[in-house]
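Below are the chains, spelled out letter by letter.
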Amino acid sequence: MQNRKKTIVEIAALNPKKIGSFEELMIDLSLELKRMGIEPVVVFNQEVPLNLKSRYAGIELACLSREKGAFQFYYQLFKLIKKYKPDIVDFHFYPFFSIMTIFVFLSGVRNI
């Protein structure tokens, strides 16, 4: 059995077009996780603009948008989970008791 790095997917319902205190926290947390040997993936609800991508250097970024409706959103979430195979999914600014957490659990992630 191969040893693979643990992966944490941080899903944040934030506008990635600005850098504020929470975005700085996400950057610092992600860099510290990398130093600990854990692969962080930060997921925003929009693509991060090119002029801000350098702030997230070394951090895997993804987009999970609701613009095309609920079905497309959950399909994107499913693909995201299958791609990264996270050990932990952490939600920021999403209600914990929602269909989203149930969907993530049913997708095989046990640490939410």
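The sections below set out a description of the structure shown in this document. All of these numbers come straight from a predicted model, not from anything done at the bench. (Residues numbered from 1 in each chain as written. Predicted model: local features only at pLDDT ≥ 70, side-chain atom pairs only at ≥ 80, totals over all residues. Heavy atoms only, no water.)

### Some remarks on unusual backbone geometry
Positive phi is not limited to glycine here, since Lys85 has a value of about 45°. Its location among the elements puts Lys85 in the loop between α3 (70–84) and β4 (88–92). (Helix = DSSP H or I, 4+ residues; strand = E, 2+ residues; numbered from the N terminus.)

### A word on the packing of α3 against helix α4 (residues 99–106)
For the pair α3 and α4, the least separation of the axes is 10 Å and the interaxial angle reads 35°. The element α3 and its partner α4 pack so that their crossing is right-handed. Contacts between α3 and α4 involve Phe73, Tyr74, Leu77, Phe78 and Ile81 from the former and Ile99, Met100, Phe103 and Val104 from the latter. Taken together, the residues of the contact of α3 with α4 break down into nine nonpolar, no polar and no charged. (Axes fitted to C-alpha atoms, helices over the stretch in contact; angles between N-to-C directions. Left-handed = near helix turned anticlockwise from the far one by under 90°. Contact = heavy atoms within 4.5 Å. Nonpolar A, V, L, I, M, F, W, Y, C, P; charged D, E, K, R; others polar.)

### Description of a nonpolar patch on the surface
Together, Ile99, Ile102, Phe105, Leu106 and Ile112 make up an exposed nonpolar region whose accessible area comes to about 500 Å². Structurally, Ile112 is set in the segment after α4. Taking the relative accessible area as the measure of exposure, Ile112 reaches 33% and is therefore partly exposed. (Patch = residues over 30% accessible without salt bridge, like charges linked within 9 Å, V, L, I, M, F, W, Y side chains within 5 Å. Areas by Shrake-Rupley, 256 points an atom, 1.4 Å probe, with all protein chains shown as cover. Salt bridge = Lys/Arg side-chain N within 4 Å of Asp/Glu carboxyl O. Buried < 20%, exposed > 50% of the residue type's maximum accessible area, 1.4 Å probe, protein only.)

### Comments concerning the sheet that holds strand β2 (residues 38–44)
On the basis of which strands lie adjacent, the open sheet formed by four strands has the order β3-β2-β1-β4 and parallel pairing. Here the strands that pair on one side only, and so sit at the sheet edges, are β3 (60–63) and β4. With strand direction ignored, the average angle separating the axes of adjacent strands in the sheet is 25°. Where strand β1 (residues 6–12) lies against β4, five bridges are found, and the strand directions are parallel. (Pairing = 2+ DSSP bridges.)

By themselves these figures say nothing about function.
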